[in-house]
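Residue strings, one per chain:
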Amino acid sequence: MPYQSPISPGRSWYEDTAGPRPEYPALDGDRQADVVIVGGGFTGLSAAVHLARAGTNVVLVEAYRFGDGASGRNGGQMGTGQRAWAEELEGEYGLTRARALFDLAEEAKAHLLDFTSANGIDIDYMPGQLSVAHKRRYVDAYKAHAEIMASRFDYPHITFMDAAETAERVGSTRFFGGVRDTGTGHIHPLKLVIGTARAAAAAGAHIFERTPARNIASTGGKVRVTTAGGTVTADRCLIAANAYGGDLEPVSAAHIMPIGSFIGATVPLGAETGVIPGGEAIDDSRFVVRYFRKSPDGRLLFGGREIYAVNDPKDIHIQIRRQIAEIYPQLKDVEITHGWGGYVGITMPRKPFVREVMPRVMSIGGYSGHGVMLSNFFGKLYAETVTGNRDRLKLIEELKIPPFPGGRSLRAPLLFLALNWYALRDRI
Ligand SMILES: Cc1cc2nc3c(=O)[nH]c(=O)nc-3n(C[C@H](O)[C@H](O)[C@H](O)COP(=O)(O)OP(=O)(O)OC[C@H]3O[C@@H](n4cnc5c(N)ncnc54)[C@H](O)[C@@H]3O)c2cc1C
């Protein structure tokens, strides 16, 4: 039987195309470390590489297999800047701070590409991103966005597309305009997870799979992470469990909420279908965003963050084919070969959550659907804080992230209602 992630639905197209996926042992026995990391997605694995390379004794425990969470199963879209547009951040924080946040995200982008190339990790990078208006009323905002990015944020790679250019580049007349970003691209996320785990192990990090942390306690200047196979005692701890952390640590749970997101992969499409001839990644203007892209072998990988019950991965196939047909009617009967999903960690203001949640315990996550480039970089920034420079991570720590309202029992139902309301608003 092919492997199935126990924590995310469906088997992904990435799992069938990533090449060998080495297995790592479970923790067996007690350990001492400088830093213990809980969670082996992009955030945790990247922190492990950079800490180990800085000479830190680091132990990482992953509950299942590396890539079983969001990092191995996402849309692969890198994007540009933070999740919120730079001009929104400018309105909230002023130009200087918005520039600092934008520049940090640009560093994150460069870091991802430099890290993979320096470590020989082939991530199937494909350039280009189109962001498109699904309602006419959003077109002016896209036009202004392109101008502002060039004039105030020194980012010249975004250009406005009118309806005709949008139709040509998307291969569909469904959208009213948008922007094209030639300064970013999209990747095969599971290849990045596998490559980062390899780099971490090669650098001397002690990395363990199938080792769920059951408890984290910080007392007497030490942090103890308890697992079934042993306890790790360390000077510091990074919680990098993101949307999959459950009730492991209450402050993170109150601030980071899991939302299901689902992707379907079609059979390879011939050029005659006219779908995204330039091979860019696309995201639309819905609050409950639709995101899609072509794979190197010509499949359409189509994702949506709609809320529906998934009892069977075939349910994903049906929903995704319906969404594809709204944009590409010629694909209404297209064969979907893979349908899968995962959990995105979101915060109330859709900005990352970085906080010391107990003495010596830092929690990082809540990238709100924008973690492909940010999470890898934040792992490196965490390593920097351990080795003495907290300045850059501070910029994110200082963002105000309130907890979700409703307390433990009401948080999820309230979010469900809110998302349904936004999904309805996307349609009118
Ligand atoms: C379907 C989907 C599509 C997405 N598309 C995009 C996109 O196109 N662009 C973008 O920028 N972002 C996207 N995202 C978000 C992006 O994938 C995440 O922001 C990023 O992967 C977060 O990485 P992470 O390491 O913080 O979390 P994860 O990759 O989720 O890793 C957390 C890990 O912690 C482990 N864990 C949890 N609890 C414990 C415990 N008690 N003990 C040990 N380990 C534990 C989990 O098993 C998991 O492996 C998408 C996400 C999904 C699910």
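For the structure given in this document, a descriptive report is provided here.

1. What about a nonpolar patch on the surface?
Here is step 1: There is a patch of nonpolar side chains on the surface, built from Leu-410, Leu-414, Phe-416 and Leu-417 and spanning about 390 Å² of accessible area.
Here is step 2: The residue Leu-410 is located in helix 11 (residues 407–427) in this model.
Here is step 3: Under the relative-accessibility criterion, Leu-410 is labelled partly exposed at 48%.

2. Section: the environment of Glu-326
Here is step 1: Tracing the sequence through the fold places Glu-326 in helix 8 (residues 313–327).
Here is step 2: Distance from Glu-326 to Ser-172, taken between C-alpha atoms, is 9.7 Å for residues 154 residues apart in sequence.
Here is step 3: Ignoring any residue separated from it by four or fewer positions in sequence, one finds Glu-326 in contact with Arg-174, Arg-286 and Arg-290.
Here is step 4: Within the structure, the side chain of Glu-326 is placed 3.2 Å from the side chain of Arg-322, a separation counted as a polar contact.

3. A word on the packing of helix 2 (residues 86–93) against helix 3 (residues 95–118)
Here is step 1: Contact pair helix 2 / helix 3: the axes reach a minimum separation of 7 Å and the direction vectors enclose 140°. Compared by their axis directions, helix 2 and helix 3 come out oblique. Here helix 2 and helix 3 pass one another in a crossing that is right-handed. Residues Ala-86, Leu-89, Glu-90 and Tyr-93 of helix 2 pack against Leu-95, Arg-97, Ala-98, Leu-101 and Phe-102 of helix 3.

4. Here's the deal with the site of the ligand
Here is step 1: For the ligand, the set of nearby residues contains 39 residues, the closest of which are Thr-43, Glu-62, Ser-71, Gln-77 and Ala-213.
Here is step 2: Within the backbone of Gly-369, an N or O atom sits 3.2 Å from a nitrogen atom of the ligand.
Here is step 3: One of the backbone N or O atoms of Gly-371 is found 3.0 Å from an oxygen atom in the ligand.
Here is step 4: In isolation the ligand offers 1000 Å² of accessible surface; the protein chains occlude 97% of this area.

5. So, unusual backbone geometry
Here is step 1: For Asn-242, which is not a glycine, the phi torsion comes out positive at approximately 45°.
Here is step 2: Mapped onto the secondary structure, Asn-242 falls in the loop between strand 9 (230–239) and helix 7 (250–255).
Here is step 3: If you check the backbone angles, Ile-276 has positive phi at about 40° while not being a glycine.
Here is step 4: Along the chain, the position of Ile-276 falls in the loop between strand 10 (257–266) and strand 11 (281–284).
Here is step 5: Ile-276 sits in the buried class, given a relative accessible area of 0%.

6. Brief notes about the packing of aromatic side chains
Here is step 1: By the definition in use, this model includes 10 aromatic pairs.
Here is step 2: Ring centres 5.7 Å apart and planes at 80° place the aromatic pair Phe-102 and Tyr-155 in the edge-to-face group. Here Tyr-155 lies in the loop between helix 4 (139–153) and strand 4 (158–161) and Phe-102 lies in helix 3, a separation of 53 residues in the sequence.
Here is step 3: Given the relative accessible area of 2%, Tyr-155 is considered buried.

Calculation rules
Residues numbered from 1 in each chain as written. Predicted model: local features only at pLDDT ≥ 70, side-chain atom pairs only at ≥ 80, totals over all residues. Heavy atoms only, no water. Patch = residues over 30% accessible without salt bridge, like charges linked within 9 Å, V, L, I, M, F, W, Y side chains within 5 Å. Areas by Shrake-Rupley, 256 points an atom, 1.4 Å probe, with all protein chains shown as cover. Salt bridge = Lys/Arg side-chain N within 4 Å of Asp/Glu carboxyl O. Helix = DSSP H or I, 4+ residues; strand = E, 2+ residues; numbered from the N terminus. Buried < 20%, exposed > 50% of the residue type's maximum accessible area, 1.4 Å probe, protein only. Contact = heavy atoms within 4.5 Å. Polar contact = N/O pair within 3.5 Å; in protein donor to acceptor, adjacent residues only side chain to side chain. Axes fitted to C-alpha atoms, helices over the stretch in contact; angles between N-to-C directions. Parallel < 35°, antiparallel > 145°, perpendicular 65-115°, else oblique. Left-handed = near helix turned anticlockwise from the far one by under 90°. Near = heavy atom within 4 Å. Phe/Tyr/Trp six-rings, centres within 6.5 Å; stacked < 30°, edge-to-face > 60°.

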